Amino acid sequence: MSLEKTIADFLTDFTIETTPGSAVKIPDYREHLREGTKVAVTFLPGSDFADTVKTSKKLKDEGMVPMPHFAARSIPSKDAFADYLKQLQDDVGIAHVVALAGAVEKPLGPYESSMALLETGLFEEHGIQTIGIAGHPEGSPDISDSDLASALAWKNDYARSSSAKLYIVTQFCFEAEPILAWEKRIRNAGNALPIHIGLPGLATIKTLVNHARACGIGPSMNFLVRQARNVAKLMTVNAPDKLTLDLAQHVASNPECLINKVHMYPLGGLRKSAAWSYAVVEGDITLKSGNKGFKVNRDID
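Residues numbered from 1 in each chain as written. Predicted model: local features only at pLDDT ≥ 70, side-chain atom pairs only at ≥ 80, totals over all residues. Heavy atoms only, no water.

**Student:** How would you sum up the pattern of salt bridges? Please name residues and give values.
**Tutor:** One side chain can pair with another of opposite charge once the charged atoms of both are near each other. Within the structure shown, the criterion is met by 14 salt bridges. Where Lys261 meets Asp13, a salt bridge forms, and the shortest distance between an N and an O atom there is 2.7 Å. With Lys261 in strand E10 (residues 259-265) and Asp13 in the loop between helix H1 (3-11) and strand E1 (15-18), this pair connects stretches of sequence that are 248 residues apart. For Asp13, a relative accessible area of 40% gives the class partly exposed. With a closest N to O distance of 2.3 Å, Asp157 and Arg160 form a salt bridge. Placement of the pair is Asp157 and Arg160 together in helix H7 (residues 145-161), with a separation of 3 residues, close to one helical turn. Residue Asp157 is classed as partly exposed on the basis of its relative accessible area, which comes to 46%. Each member of the salt-bridge network shares a partner with another, and the members are Arg34, Glu282, Asp284 and Arg298. (Salt bridge = Lys/Arg side-chain N within 4 Å of Asp/Glu carboxyl O. Helix = DSSP H or I, 4+ residues; strand = E, 2+ residues; numbered from the N terminus. Buried < 20%, exposed > 50% of the residue type's maximum accessible area, 1.4 Å probe, protein only.)

If you want it as structure tokens, here you go:
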């Protein structure tokens, strides 16, 4: 298999995300995404869940598969949680969600973690067939490594008894080494859940640095810091080609690796990240010398 085909296969069937705020600025998602694309609907602190329902419906009506986020610490009660699920099923019809703790320091209700949401059984009761849970290749600024390990073990146990399929979707990183070391470490510790790796979409170095700091990205952020030292490069658009190449090669040559999909974080806008991703999936790329990545053969402005 050619390297171009290896890279294309790795990115095939990528997922991506949007926010309700972005949704109101996009006349039709079909302008940027192909029908059937799985799109996560993020829930930011202080948001109204009605906007999640509205955005999910828009995506469904335009041929996409919405994957709404459920942020545990932003859910005020069990009744509200059940009502959110009922609204989504009545107004949209969904089978796929992402369960997260959420970036709220003090929970609004009884749920502090995605585990608390899972153990209610409400997802399955409302027909949810697939559940994404968070993964942190470089650790979390809010959770200790030991607590992350314990939570992942609990979720693996839960997955074995649930009718829903669970998978891990990770935070974005900028270099392959910490991702691959983390995948091997959790696999050796007993993880059996498939992993969707988060890639940072096309964005300026300045934008990526700001997002990385806000999200507590670890050692791989040094990749950005080195480039940001050159002020002239701050507004240069960065593509995750080297990261994609390194991950694709590893996954193709290590069948035991549990990474099986890519989740794109469109930090610089959905249009650019989607256009770049489709170019890669279609093999419309030129490899750089020295295994340093690739360029897409299309103008993405």
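Text resumes after the structure shown.
**Student:** Just give me the short version of the environment of Asn156, but keep the residues and values in it.
**Tutor:** Here Asn156 shows up in helix H7. Relative accessible area serves as the criterion here: at 5%, Asn156 is assigned to the buried category. Along the chain, Asn156 and Ala116 lie 40 residues apart, while their C-alpha atoms are 14 Å from each other. Every residue in contact with Asn156, bar those within four places of it in the chain, is listed here: Gly190, Asn191, Ala192 and Leu193. Here the side chain of Asn156 touches Asn191 through a polar contact of 3.0 Å, side chain to side chain. (Contact = heavy atoms within 4.5 Å. Polar contact = N/O pair within 3.5 Å; in protein donor to acceptor, adjacent residues only side chain to side chain.)

**Student:** Give a description of the pairing of strand E5 (residues 130-135) that names residues and reports values.
**Tutor:** Pairing geometry for strand E4 (residues 96-100) and E5, over 4 bridges, is parallel. If you follow Ala99 over to E5, its bridge partner there is Ile133. Relative to strand E6 (residues 165-172), E5 is paired through 6 bridges, and the arrangement is parallel. Bridge pairing in E6 places Ile131 opposite Leu166. Handedness of the E5-H7-E6 crossover: right-handed. (Pairing = 2+ DSSP bridges. Right-handed = clockwise from strand over helix to strand, strands pointing away.)

**Student:** Go over the packing of aromatic side chains with me, naming the residues and quoting the values.
**Tutor:** Under the definition given, this model contains 12 aromatic pairs. Where Phe49 meets Tyr84, the ring centres are 4.1 Å apart and the plane angle is 15°; that geometry is what we call stacked. Here Tyr84 lies in helix H4 (residues 78-91) and Phe49 lies in helix H3 (residues 49-61), a separation of 35 residues in the sequence. Taking relative accessible area as the criterion, Tyr84 reaches 16% and is therefore assigned buried. These aromatic residues form a ring-pair network of at least three members: Phe43, Phe49, Phe70, Phe81, Tyr84, Tyr111 and Phe123. When the ring centre of Tyr278 is taken as origin, the NZ or CZ atom of Arg34, which lies over that ring, is 4.0 Å away. (Phe/Tyr/Trp six-rings, centres within 6.5 Å; stacked < 30°, edge-to-face > 60°. Lys NZ or Arg CZ within 6 Å of the ring centre and 35° of its normal.)

**Student:** Which residues make up the nonpolar core, and what values go with them?
**Tutor:** Formed by 74 residues in total, the largest nonpolar core has its most connected members in Leu33, Phe70, Phe81, Phe123, Ile131, Leu247 and Ile259. Setting aside its immediate chain neighbours within four residues, Ile131 contacts Val97, Ala99, Leu118, Phe123, Ala164, Lys165, Leu166 and Tyr167. (Core = buried A, V, L, I, M, F, W, Y, C linked by side-chain atoms within 4.5 Å.)

**Student:** Which residues make up empty space enclosed by the protein, and what values go with them?
**Tutor:** Under the criterion given, the structure shown has 1 cavity of 30 Å³ or more. In this structure, the largest cavity occupies an estimated 50 Å³ of space. As for the largest cavity, its lining consists of Phe43, Phe49, His69, Phe70, Ala71, Ser74, Ile75 and Tyr84. At 3 residues, strand E3 (residues 65-71) tops the list of elements feeding residues into the lining of the largest cavity. Taken together, the residues of the lining of the largest cavity break down into 6 nonpolar, 2 polar and no charged. (1 Å grid on protein atoms, 1.4 Å probe; cavity = no way out; pocket = protein on both sides within 12 Å on 5 of 7 lines; lining within 4 Å. Points joined across faces, edges and corners; volume = space filled by probe spheres on them. Nonpolar A, V, L, I, M, F, W, Y, C, P; charged D, E, K, R; others polar.)

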